[in-house]
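Chain residues, written in single-letter form:
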Amino acid sequence: MPARLTPIRVADDVFEVAVGSPAEAQALASALRQTPGAEDVVAGLDRVAVKFDPAEIEIVRAALQNARPTDKHPQSKASPVEIEIRYGGEHGPDLKQVCAALGLSIDAFIAAHTGAVHTVEMIGFTPGFSYISGLPEGFSIPRLASPRPRVPAGSVGISAAFTGIYALDGPGGWPLIGRTDAELFRADRDAPFLLTPGQRVQFRAL
Amino acid sequence: MLVVTKPSLQTTLQGAPRLGYRHYGIPYSGAADALSQALANRLVGNAATETVLEITYGGFEAEVTEACTIAVAGACGLITISGETASAHTSLHLRSGDRIEIAPLRHGMRTYLAIRSGFAATEAFGSSSTYLPAGFGGLDGRALQAGDRLAPEGDANFRQTLETPPTHRPVFSSAIALRACASAETDTLNRADRETLFMETFLADRQATRMGIGLTGHTVTPNSDGKMKSAPVFPGTVQCPPSGAPVILLCDAQTTGGYPRIASIARCDRHLLGQIRPGDRVQLLERSPEAALQDLAEKQRLLAAWLDA
């Protein structure tokens, strides 16, 4: 039987528990979403936060302690969604530095990024921003020391071992490698979000 | 009907927070100062989160085309109705043809104007609140412009004239103390930086938006490699990028982030965040989570005597 979860208090009205993987975080968050007294349940990449009504703190704490992490990855069998990227230049102002940090040529970086099948692990940050895993082993890039005040919609960044796509204009701290015309979020579409966790993604260079 | 003649720097329609969509990356939105929204709504007999105007820095004018009852709360400069001085914190019965003017503010940042029955607005993801970065909610998802016509949701005339009790009128100044708790990555600060965070007075920088307020004047440096896995954040979370300048997140806060979370503003004081303007002095007062919830219960008890009366 998996170990009991240990809720950590990260605010007066938020508990957080650590889990092993993004898929585990997604599964646990779905399971906890109906807990009475939970105002909001949000997965991170390796943890789940539960914001609660302070009057219901004990119910929420008990629900967290009794939850069992599962690892049902909702991996899609559908063929990967293709996302076309213009790499580098004005579209990806940090591509050169990222390549320098990894000791790769720009062509080798693009070949690696487009060569793998990636997986959407999480939607978060702003509407439709997608955290996508699948970078080769050893690719790991820190965030910018200070976030940019304005990153254009469609910008593609990488951070640690993830590719992230900015769905909206706004501030952003990820080094940018390119841009896509794919619309990850449109409020007036029947399905507002292009990507969902578990979906597979193939990047193509334009 | 209210016709906007001068929209202020940024006026939006704000109702209830958009709960339950953070896992799609959709922030709460709603009033940056939810207490002032509730106080304005109380004076026209509305529920606390009915849709109101959130006016930034004052400098707002509108014309009334049908009799209605409104009320103004939050940070306030001079208010006039067709040239006559009027009061905040009271029900104002307006006639067709009246002009309402709210002068620029000296202290605080946001004024709330409620109308009996609430302003009509477009719902998106379960709430009428405007979220400007993605352009949904409110009026076409945008800030109000001169010429916009705002209709009430129902009958806009309220028969009573109410006044907020003097004891329940918040006073805004340029020095703000916020109760705060340690958060998930507070221990990435060394002892000296932790003392700085909870003892020193910071200044709100020029980037004071509905998404967040940057703090300057002191730096604190989390011990982090910049590769932290993105984790949930909420309004009230204090994040700290490697630059050492903490950012307090507000109502339009992103839903996840990868900078260390070094503190969280206590739930009882989050309404104050909406009134912090650039240059204000900001101090965080450390509380244990239990003490912070006791403070919340105490504040709620005091407010309920008026808001739930």
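Residues numbered from 1 in each chain as written. Chains lettered and ligands numbered in written order. Predicted model: local features only at pLDDT ≥ 70, side-chain atom pairs only at ≥ 80, totals over all residues. Heavy atoms only, no water.

1. Focus on the packing of helix 1 (residues 34–42) of chain B against helix 3 (residues 289–307) of chain B
Residues and elements named next belong to chain B.
- Interaxial distance between helix 1 and helix 3 falls to 11 Å at its minimum, and their mutual angle equals 20°. As the angle between them shows, helix 1 and helix 3 are arranged roughly parallel. Here L35, A38, L39 and R42 of helix 1 lie close against helix 3, whose contacting residues are L303, W306 and L307.
- Of the residues in the contact of helix 1 with helix 3, the class split is six nonpolar, no polar and one charged. (Axes fitted to C-alpha atoms, helices over the stretch in contact; angles between N-to-C directions. Helix = DSSP H or I, 4+ residues; strand = E, 2+ residues; numbered from the N terminus. Parallel < 35°, antiparallel > 145°, perpendicular 65-115°, else oblique. Contact = heavy atoms within 4.5 Å. Nonpolar A, V, L, I, M, F, W, Y, C, P; charged D, E, K, R; others polar.)

2. Here's the deal with the sheet that holds strand 4 (residues 60–64) of chain B
- On the basis of which strands lie adjacent, the open sheet formed by six strands has the order 7-6-9-4-1-11 (chain B) and antiparallel pairing. Looking at which strands have only one partner, the edges of the open sheet turn out to be strand 7 (84–86) and strand 11 (149–150) of chain B. (Pairing = 2+ DSSP bridges.)

3. Some remarks on the nonpolar core
- Membership of the largest hydrophobic core comes to 32 residues, with the highest contact counts inside it found for A:Y87, A:F109, A:I177, A:F185, A:L195, A:F203 and B:F136.
- Elements represented by at least two residues in this core include exactly strand 5 (81–87), helix 3 (95–102), helix 4 (106–115), strand 6 (117–123), strand 9 (155–159) and strand 13 (200–205) of chain A.
- Among residues more than four places away in sequence, those in contact with A:Y87 are A:L95, A:F109, A:I110, A:H113, A:T114, A:I177, A:G178, A:F203, A:R204 and A:A205.
- Counting residues in hydrophobic clusters, the runner-up holds 26 residues, among them B:C68, B:I79, B:I81 and B:L94. (Core = buried A, V, L, I, M, F, W, Y, C linked by side-chain atoms within 4.5 Å. Buried < 20%, exposed > 50% of the residue type's maximum accessible area, 1.4 Å probe, protein only.)

4. Concerning helix 2 (residues 57–66) of chain A
- Looking only at helix 2 of chain A, the buried set comprises A:I57, A:V60 and A:L64. With its buried residues spanning 70° around the axis, helix 2 of chain A presents them on a single face.
- Against strand 1 (8–11), strand 2 (14–18), helix 1 (22–32), strand 3 (38–43) and strand 4 (47–52) of chain A together with helix 3 of chain B lie the buried residues of helix 2 of chain A. (Arc of directions from axis to C-beta.)

5. Here's the deal with the pattern of salt bridges
All names here are of chain B.
- Taken as a whole, this structure holds 32 salt bridges over all chains when the rule is applied.
- The shortest N-O distance in the salt bridge between D269 and R179 comes to 2.9 Å. Taken together, the residues span a long stretch of sequence, with D269 in the loop between strand 19 (261–265) and strand 20 (281–286) and R179 in strand 12 (residues 175–181) at a distance of 90 residues. Residues D269 and R179 agree in their burial class; the two are buried. (Salt bridge = Lys/Arg side-chain N within 4 Å of Asp/Glu carboxyl O.)

6. What about unusual backbone geometry?
All names here are of chain B.
- Here the phi dihedral of S29 falls at roughly 55°; this positive angle occurs in a residue that is not glycine.
- Its place among the elements puts S29 in the loop between strand 2 (11–14) and helix 1.
- By relative accessible area, which is 3% here, S29 ends up buried.

7. Digging into the domain arrangement of chain A
Residue and element names in this part refer to chain A.
- Here chain A is partitioned into domain 1 (8–66) and domain 2 (81–205).
- Computed over C-alpha atoms, the centres of domain 1 and domain 2 are 28 Å apart.
- Opposite the six residues of domain 1 that make contact, domain 2 presents five residues.
- In this assembly, domain 1 packs against domain 2 so that about 450 Å² is buried in total across both faces, 75% of it on carbon and sulfur atoms.
- Sorting the residues of domain 1 by area buried against domain 2 places P22, Q26 and L45 first, and these three jointly supply 85% of that buried surface.
- In this assembly, domain 1 and domain 2 are joined by one residue pair in polar contact (both at pLDDT 80 or more).
- Grouping the constituent residues of the side of domain 1 that touches domain 2 by class yields four nonpolar, two polar and no charged. (Domains from an automatic or database assignment. Buried area = accessible area lost by both parts, 1.4 Å probe. Polar contact = N/O pair within 3.5 Å; in protein donor to acceptor, adjacent residues only side chain to side chain.)

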